[in-house]
Amino acid sequence: MNRSELVAALSERAEVTRKDADAVLAALAEVTGEIVAKGDEKVTIPGFLTFERTHRAARTARNPQTGEPIEIPAGYSVKVSAGSKLKEAAKGK
């Protein structure tokens, strides 16, 4: 399902216009991004998803072409965890 299909499904389910559904989806993405960028709290949609910023330590890896070691600097990543309802849906229940 791509974005336009998701917007169409949301607008139909919530009985709102596609424009309104798209605006809500865009706002959700924007707010989630801002909170994750701060890194001081999680974004949790109960039963569905949790978004959390995590720290990745510096590490040594290997260049796959030459085999030479390369240093990868420390940085941040995003951890996304499925909630209980989403896990159950994935099981087909």
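The numbers attached to residues start from 1 for each chain and follow its sequence in the written order. In keeping with the predicted nature of the model, local features appear solely for residues at pLDDT of at least 70, side-chain atom pairs appear and are counted solely at 80 or more, and the whole-chain, interface and lining totals rest on all residues. Calculation of side-chain values draws on the structure's entire complement of heavy atoms; hydrogens and water are dropped beforehand.

Given 3.6 residues to a turn, an α-helix orients residues that are three or four positions apart in the same direction. With 12 residues, helix 1 (residues 3-14) ought to run about 16 Å at 1.5 Å a step, and its terminal C-alpha atoms sit 16 Å apart, in line with that. If you follow the buried residues of helix 1, they end up packed against helix 2 (18-38). Strands are runs of DSSP state E lasting at least 2 residues, helices are runs of H or I lasting at least 4, and numbering of each runs from the N terminus. Where helix 1 terminates, the next one or two residues include Glu15, which has phi positive at roughly 55°. A helix's residues, less one, multiplied by 1.5 Å, set its expected span. For this analysis, residues touch if any pair of their heavy atoms sits within 4.5 Å.

Domain delimitation follows an automatic or database domain assignment. Entries for the protein in the domain assignment read domain 1 (1-37) and domain 2 (38-92). Across the boundary between the two partners, domain 1 contributes 5 residues, which contact 7 residues of domain 2. Note: buried area is the sum, over both parts, of the accessible area (probe 1.4 Å) each one loses when the two are combined. Both sides of the domain 1 and domain 2 interface together cover about 620 Å² of buried area, and 67% of this is carbon and sulfur. In the sections that follow, a salt bridge refers to a side-chain nitrogen of Lys or Arg positioned within 4 Å of a carboxyl oxygen of Asp or Glu. Here domain 1 and domain 2 share 0 salt bridges between them. Counted as a polar contact is a pair of N or O atoms within 3.5 Å, where, for protein atoms, one must be capable of donating a hydrogen and the other of accepting one, and residues adjacent in sequence contribute only when both atoms are in side chains. For the interface between domain 1 and domain 2, the tally reads 7 residue pairs in polar contact (both at pLDDT 80 or more). Residues are grouped as follows: Ala, Val, Leu, Ile, Met, Phe, Trp, Tyr, Cys and Pro are nonpolar; Asp, Glu, Lys and Arg are charged; all remaining types, including Gly, are polar. Its residues placed into classes, the side of domain 1 that touches domain 2 shows 3 nonpolar, 1 polar and 1 charged.

In this model helix 2 runs 30 Å from its N-terminal to its C-terminal C-alpha over 21 residues, within 8% of the 30 Å that 1.5 Å per residue would give. Residues Ala21, Leu25, Thr32 and Val36 constitute the buried set of helix 2. Down the axis, helix 2 shows its buried residues gathered within 40° of arc, on one side only. Exposed and oriented more than 90 degrees from the buried face of helix 2 are Lys19, Glu30, Ala37 and Lys38. Close packing links the buried residues of helix 2 with helix 1, strand 1 (43-45), strand 2 (49-56) and strand 5 (75-82). Count one or two residues on from helix 2 and you reach Gly39, which has phi positive near 80°. Each residue gets one of three labels from its accessible area relative to the maximum for its type: buried under 20%, exposed over 50%, partly exposed in between, using a 1.4 Å probe on protein chains only. In this context, the arc is that of the directions from the helix axis out to the C-beta atoms.

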